[in-house]
Structures are given as structure tokens and as C-alpha cells.
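Structural description and commentary
Residue strings, one per chain:
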Amino acid sequence: MALLKVKFDQKKRVKLAQGLWLMNWLSVLAGIIIFSLGLFLKIELRKRSDVMNNSESHFVPNSLIGMGVLSCVFNSLAGKICYDALDPAKYDKWKPWLKPYLAICVLFNIALFLVSLCCFLMRGSLESTLADGLKNGMKYYRDTDTPGRCFMKKTIDTLQIDFKCCGNNGFRDWFEIQWISNRYLDFSSKEVKDRIKSNVDGRYLVDGVPFSCCNPSSPRPCIQYQLTNNSAHYSYDHQTEELNLWVRGCRAALLSYYSSLMNSMGAATLLIWLFEVTITIGLRYLHTALESVSNSEDPECESEGWLLEKSVQETWKAFLESLKKLGKSNQVDAQGEDTGQAPEAG
């Protein structure tokens, strides 16, 4: 017994075809939106590629771009099919292709749903990517004379100013690396020599941060150096450093920014997926309603449309049986090849 059977007359079939034609062209616009969202996210990720450790983060924007292109292609074709469905002579050329096309549409909808889920689930990989990338970026902050790294200082400073953050996890991360270049250190100074000697790796470490960590809304001039030395500054307590510096780490700031972007994109993609599923269901009803017209010479006659020709259980069994038959045919072909090669081997 057919699943969700609906009766159609000529007027209903025409209205369904016209409605699907309009919906498909709206879906072409939705495909352009998906493509634009993917392109925008890719550009935003490219802007901070210097502080990201790998290219895994580009999977979601690349997928959105690909699905946007496919959506435009499939829905343009579906719109043409719905337009030709109004003319029996034009519709006949589409008949052999409609079933494979509907199967492809189902696969496309599954892929679109998975891409929308990836938008929500990518936070974990993005967090590790940012953690390693920011750590390396901070390490190369001082290498303003090294080819390939000379712009890292500008990148990190711009990042900290734009996102109101400091360091990887916080401003104390700067205490653990030498972020001041050797060319700006006076090695004849006793203080510099003592600091370098006191460190096992021979690095010049200070309890200070770059200027880009300063909070401009602070009521007092920014304190960048000797942050943990209360006696070095008048009326100062290092327990209240948030008055002068951004306390949030850049990893958390960037993760929050990209997560909100991808959550919004995931929600938009999910809505478009629901619209695409509705169109696929409508195409299936149009296809079955036109196929079940008993008298092709009488376009006014009634017909029946359905979602599945059999029940869900029966359809699933038939699908499994077709897979088994396909597997058996492959085995027979393989055995035939083996027996055909045996005499030659002898």
C-alpha cells in the first residue's frame, strides 16, 4: 500500500507544478546565500590563518561553498522540470531521468543536513587549531627581521586590539616567552645579563606584555612592565591588573567569534535544508501524480500521488534485497573472471 497517498486532478497538478517552479527558483537564491556564507567564513578564516595551525577549519566553508553551487544547479534543473511538466510533450523527455534525479536529490539533502551539523560541531577542532596557532604566533612575535615572520607582530597586535584580548589563555602567557627582539636589548646592561643568565634557555623573560594588551578604558595610563611588582608603581596592586589589561585570552575571544558565526550559518543552512526537503517531497508527488495518469489522452482525468509506493518497512526490505542482488552479481562476475583465467594460467 502506497504511503501518504493523495488524489490529484488537472487543476491540482498544475498548481503543484507552478508552486514547485517558484520554490525551486527561491531555492536557487538560497543556494547563492549558502555559497556567500561559505565564502564569507573562508575569508574570515584566511584573515587569521597565521594564528591557526592547520587547514581543518576550512572544511566547513569549503563544504558550504560546494553545497551552494550544487543547490543552484539542482534547483535550476528542478525548476525546468516543473515548468515542462505543464506540457505533456515536453515532460516525456524527462520521464526516464526523474527517478535517478529524485535519488540524487535525497543524497543532496542528506549531505546538506550533515554540513549544517558540522557548523555546530566544529568548535572542538577549531579550539585546538587556535590554541596551537596562537602559541606559535606569540613565539614568533619578536622575529620582525626574519623572512616569513616579519608581519607576525603586526598580526598579533591587530588581533589583540580588535578582539580586546591578550595572550593565548591570558596575559600571563607573555611572561613565558621572549617577545622582545634581541636587537632592542642592551647586552652591556647588568639587568639584561642577569635575566638572561637566570633562564635555562638563555631567554630574556619579563613580567610585561605588548602595548596591544592595554585596555584604553582604563582610568590610569597602561602599565605594561613589572606587572607583578606593586612597589614599582604608585598606588598599584597587581591583583587588579584588569584595570589596565584585557584579561580574556585571544583563543577564547576568537573561538566565541567563530562559534557564533558558524552557529548562525548552521541555523540558516538547516532552514534551507527543510525547504529543500519540502521541494523534494513535492517533486515526488508531482512525479507519481503524472505517472499514474491512466489516460494520457485525457489530461483532465484524476490521478494519485504518493511519497512511497509501499510502506516504509516494505521499501526498506526491497532496498536491502536489491543490495544483496547487486552483491551476488558482483561475486558471479568475479568467479567468471577467475574461471576464464584458469585455462590460460595452465
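All values reported here derive from a predicted model rather than from experimental measurement.

1. Digging into the overall build of the protein
Looking only at helices and strands, one finds 9 helices and 2 strands in the protein. Element order for the protein, N to C, with α for helix and β for strand: β-α-α-α-α-α-α-α-α-β-α. Evaluated residue by residue, the protein yields a buried proportion of 39% over its 346 residues. Counting only contacts in the protein whose residues sit at least 6 apart along the sequence, the fraction spanning at least 24 positions is 73%. With the model as given, the accessible surface of the protein reaches about 20000 Å², and the carbon-plus-sulfur share is 60%.

2. Notes on the state of the cysteines
Following the criterion strictly, the structure yields 3 disulfides and no others. Put simply, C214 and C222 are joined by a disulfide, and their sulfur atoms are 2.0 Å apart. Looking down the S-S bond of the C214 and C222 bridge, the torsion is -80°, so its handedness is left-handed. The exposure class of C214 is buried, given its relative accessible area of 15%. In the protein, numbering the disulfide-bonded cysteines from first to last in sequence yields the connectivity 1-6, 2-3, 4-5. Counting only cysteine sulfurs, C105 is the nearest neighbor of C82, a cysteine outside any disulfide, at a range of 10.0 Å.

3. Quick word on the UniProt feature "transmembrane region" (unreviewed entry) in the protein
Sites flagged by UniProt as "transmembrane region" (unreviewed entry) map to residues 20-41 and 101-122. Here residues 101-122 runs as 95% helix and 0% strand, with 31 Å between its end C-alpha atoms.

4. Looking at the environment of C213
Within the secondary structure, C213 is located in the loop between α7 (190-197) and α8 (250-291). With relative accessibility at 0%, the residue C213 sits in the buried group. On a C-alpha basis, the gap between C213 and G167 in space is 8.1 Å, while along the polypeptide they are 46 residues apart.

Scoring rules and cut-offs
- Residues numbered from 1 in each chain as written.
- Predicted model: local features only at pLDDT ≥ 70, side-chain atom pairs only at ≥ 80, totals over all residues.
- Heavy atoms only, no water.
- Helix = DSSP H or I, 4+ residues; strand = E, 2+ residues; numbered from the N terminus.
- Buried < 20%, exposed > 50% of the residue type's maximum accessible area, 1.4 Å probe, protein only.
- Contact = heavy atoms within 4.5 Å.
- Areas by Shrake-Rupley, 256 points an atom, 1.4 Å probe, with all protein chains shown as cover.
- Disulfide = S-S within 2.5 Å.
- UniProt positions renumbered as here; feature names shortened; annotations may be inferred.

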